[in-house]
Amino acid sequence: MDYSHVRDVDPAVADALDGEVERQRDTLAMIASENHVSEAVLEAQGSALTNKYAEGYPGKRYYAGCEYADDVETLAVERAKELWGAEHVNVQPHSGTQANMGVYLAMLDPGDKILSLDLTHGGHLSHGHPANFTGKLYDVEQYEVDAETGHIDYDQLAEKAAAFEPDIIVSGYSAYPRAVEWETIQEVADDVDALHLADIAHITGLVAAGVHPSPVGVADFVTGSTHKTIRAGRGGIIMCDEKYASDIDSAVFPGAQGGPLMHNIAGKAVGFKEALQPEFEEYAQQVVDNAKALAETFEDHGLSVVSGGTDTHLVLVDLRDSHPDLTGGTAEEALESTGIVLNANTVPGETRSAFNPSGIRAGTPGLTTRGFGEDEIREVGELIVKVVDAPEDDDVLAEVSERVQELCDANPLYE
Ligand SMILES: *Cc1c(COP(=O)(O)O)cnc(C)c1O
């Protein structure tokens, strides 16, 4: 990466930028919400479009000089429609949270009712957590996963929906390894006359590639992020039927945001083009195959995998059975010291705190981007198990670090 202009102006920031590239090269990025975008997406996001004000939408802007902004946004929208098959797409949300905000703002009044999955069971802050605007503005009730199976408890969801009479039901999750039954949730929503928002932030790429069922055409609204399993740079997206188009567009701008981040929208356009190539389907399938191999490796070595496996890009491990004295936080730290970067995560039925929970969450999108296949992922799984079994053994940590470095060198990034 060439940050020579930054270096001339600001060596301290240039050091951090170079340091981050090195960190990504020399570590295994297994945070399930992260990935590595192409250099083409990086260039687009670092482009002169960051200078441009383009409030409004293509062809209807509040500022002059928007012809290239229009080109880029139109391309992003058209490609998104092709990728997900949505009637209407808004690519302006700055993030996944902003995308959800757009839907709530378009459809709810303060005090209206949201029914969503509990955060410790895999939900997201923007689905009604008390610390988030959603928890402050709306009346929130939550459903859970089944304690035995780890799958969404669809019966409980239906019971809670009947009792609570929500205005909107939110599906789509942050730490849920299983395929979501969109139709089942839609039936619940129809029964209680609620809207249905399917937030596919984590699985946007898997849905685009057809390796996870799609809620587009099922749920009223589909929101997503553009930087997780789809490698289009940081941002959000909203999809809906034409009948909601103008409500959604005016909720995003001027409702929730000012000028769109046109440089990010350029990144989205480029990343979506990459995702329309046939190789992307292979990539997404490999992401899932790798996650399945990782889950198997963990189970073979005695770790307890929530729901017994995965249908997606992520694996959630509950450490309480196999390692009752080890917290997710301690495991995360020991792993990070070897170059394996993942996160401590709450697990269904959490008995510790959100800051130092009982599980770890591991995702395969980043490593798959670097070219890791199932054999390499199994080895990474074994390295993780070694650290989890002996998080304070310096010899083990040194041995794992050495192997992690070899795996990184064999699968280079941003050469
Ligand atoms: C990651 C995520 C989001 C988006 O988060 P941002 O950081 O705001 O982009 C939204 N919903 C779910 C379920 C997520 O996992």
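Criteria and cut-off values
Residues numbered from 1 in each chain as written. Predicted model: local features only at pLDDT ≥ 70, side-chain atom pairs only at ≥ 80, totals over all residues. Heavy atoms only, no water. UniProt positions renumbered as here; feature names shortened; annotations may be inferred. Helix = DSSP H or I, 4+ residues; strand = E, 2+ residues; numbered from the N terminus. Rg over C-alpha atoms; globule rule 2.2 N^0.38 Å. Contact = heavy atoms within 4.5 Å. Areas by Shrake-Rupley, 256 points an atom, 1.4 Å probe, with all protein chains shown as cover. Lys, Arg positive; Asp, Glu negative; His and termini not counted. Charge placed at Lys NZ, Arg CZ, Asp CG, Glu CD. Domains from an automatic or database assignment. Salt bridge = Lys/Arg side-chain N within 4 Å of Asp/Glu carboxyl O. Polar contact = N/O pair within 3.5 Å; in protein donor to acceptor, adjacent residues only side chain to side chain. Nonpolar A, V, L, I, M, F, W, Y, C, P; charged D, E, K, R; others polar. Buried < 20%, exposed > 50% of the residue type's maximum accessible area, 1.4 Å probe, protein only. Pairing = 2+ DSSP bridges. Phe/Tyr/Trp six-rings, centres within 6.5 Å; stacked < 30°, edge-to-face > 60°. Lys NZ or Arg CZ within 6 Å of the ring centre and 35° of its normal. Axes fitted to C-alpha atoms, helices over the stretch in contact; angles between N-to-C directions. Parallel < 35°, antiparallel > 145°, perpendicular 65-115°, else oblique. Left-handed = near helix turned anticlockwise from the far one by under 90°. Patch = residues over 30% accessible without salt bridge, like charges linked within 9 Å, V, L, I, M, F, W, Y side chains within 5 Å.

Going by an unreviewed UniProt entry, the protein carries the name Serine hydroxymethyltransferase and comes from Haloferax volcanii. The record held by UniProt for the protein lists under Cofactor (unreviewed entry) the comment "pyridoxal 5'-phosphate". Word for word, the UniProt comment on the protein under Sequence similarities (unreviewed entry) is "Belongs to the SHMT family."

Explain the overall build of the protein to me, please; I cannot follow it from the model alone.
Scanning the protein from N- to C-terminus turns up 16 helices and 15 strands. A globule of 415 residues ought to have a C-alpha radius of gyration of about 22 Å, and the protein, at 21 Å, matches this closely. Once the C-alpha set of the protein is aligned to its principal axes, its extents read approximately 65 × 60 × 40 Å. Intrachain contacts of the protein at a sequence separation of at least 6 include 72% that bridge at least 24 residues. When the accessible surface of the protein is split by element, carbon and sulfur atoms take 47% of a total near 17100 Å². Distance between charge centroids for the protein: 4 Å, based on 26 positive and 75 negative side chains.

Honestly, the domain arrangement of the protein in this entry has me stumped. Any pointers?
Quite often, the size of an interface is put as the accessible area lost when its parts meet. The assigned domain composition of the protein is domain 1 (43–275) and domain 2 (280–410). One C-alpha centre belongs to domain 1, the other to domain 2, and the line joining them spans 28 Å. Of the charged contacts, one joins Arg-178 and Asp-311 as a salt bridge, the two residues approaching to 2.9 Å between their closest N and O atoms. Our count for the contact surface shared by domain 1 and domain 2 stands at 11 residue pairs in polar contact (both at pLDDT 80 or more). Within the residue set of the side of domain 1 that touches domain 2, elements represented by two or more residues are helix 9 (204–208) and helix 11 (262–275). Tallied by class, residues from the side of domain 1 that touches domain 2 come to 12 nonpolar, 10 polar and 3 charged.

How do you make sense of the pairing of strand 5 (residues 113–117) when you look at a structure like this?
A regular strand places its side chains on the two faces of the sheet in alternate fashion. Within strand 5, 4 of the 5 residues are buried, leaving the element largely enclosed by the surrounding structure. Of the strand pairs in this sheet, strand 5 and strand 6 (residues 139–143) are connected by 5 bridges, and their pairing is parallel. Paired with Ser-116 across the bridge in strand 6 is Gln-142. Alignment of strand 5 against strand 7 (residues 168–171), held across 2 bridges, turns out to be parallel. From the neighbouring strand, Ile-114 faces strand 7, where its bridge partner is Ile-168.

Explain the packing of aromatic side chains to me, please; I cannot follow it from the model alone.
Working definition: an aromatic ring pair is given by the centre-to-centre distance plus the angle between the planes. As enumerated under the stated definition, the model contains 9 aromatic pairs in all. Here Tyr-104 and Tyr-138 contribute two aromatic rings whose centre-to-centre distance is 5.8 Å and whose plane-to-plane angle is 50 degrees, an arrangement assigned as tilted. One end of the pair, Tyr-104, is in helix 5 (residues 96–107); the other, Tyr-138, is in the loop between helix 6 (133–137) and strand 6, with 34 residues separating them in the sequence. Neither residue differs from the other here; Tyr-104 and Tyr-138 are each classed as buried. Site record: aromatic cluster; members linked through ring pairs are Tyr-104, Phe-133 and Tyr-138. Seen from the ring of Phe-164, Lys-113 lies directly overhead, with NZ or CZ sitting 5.2 Å from the centre. The ring of Tyr-283 has Arg-231 sitting right over it, with the charged end atom 3.7 Å from the ring centre.

Sorry, what's going on with the packing of helix 13 (residues 328–338) against helix 15 (residues 374–389) here?
Between helix 13 and helix 15, whose axes approach to 9 Å, the crossing angle comes to 125 degrees. Comparing their axes, helix 15 and helix 13 come out oblique. As helix 13 packs across helix 15, the resulting crossing turns out to be right-handed. Here Ala-331, Ala-334, Leu-335 and Thr-338 of helix 13 come into contact with helix 15, specifically with Ile-384, Val-387 and Val-388.

It is not clear to me how a negative patch on the surface should be interpreted in this structure. Could you clarify?
Together, Glu-181, Glu-183, Glu-187, Asp-190, Asp-191 and Asp-193 line one region of the surface with negative charge. Note on placement: Asp-191 falls in helix 8 (residues 182–191). Its relative accessible area of 68% is what places Asp-191 among the exposed residues.

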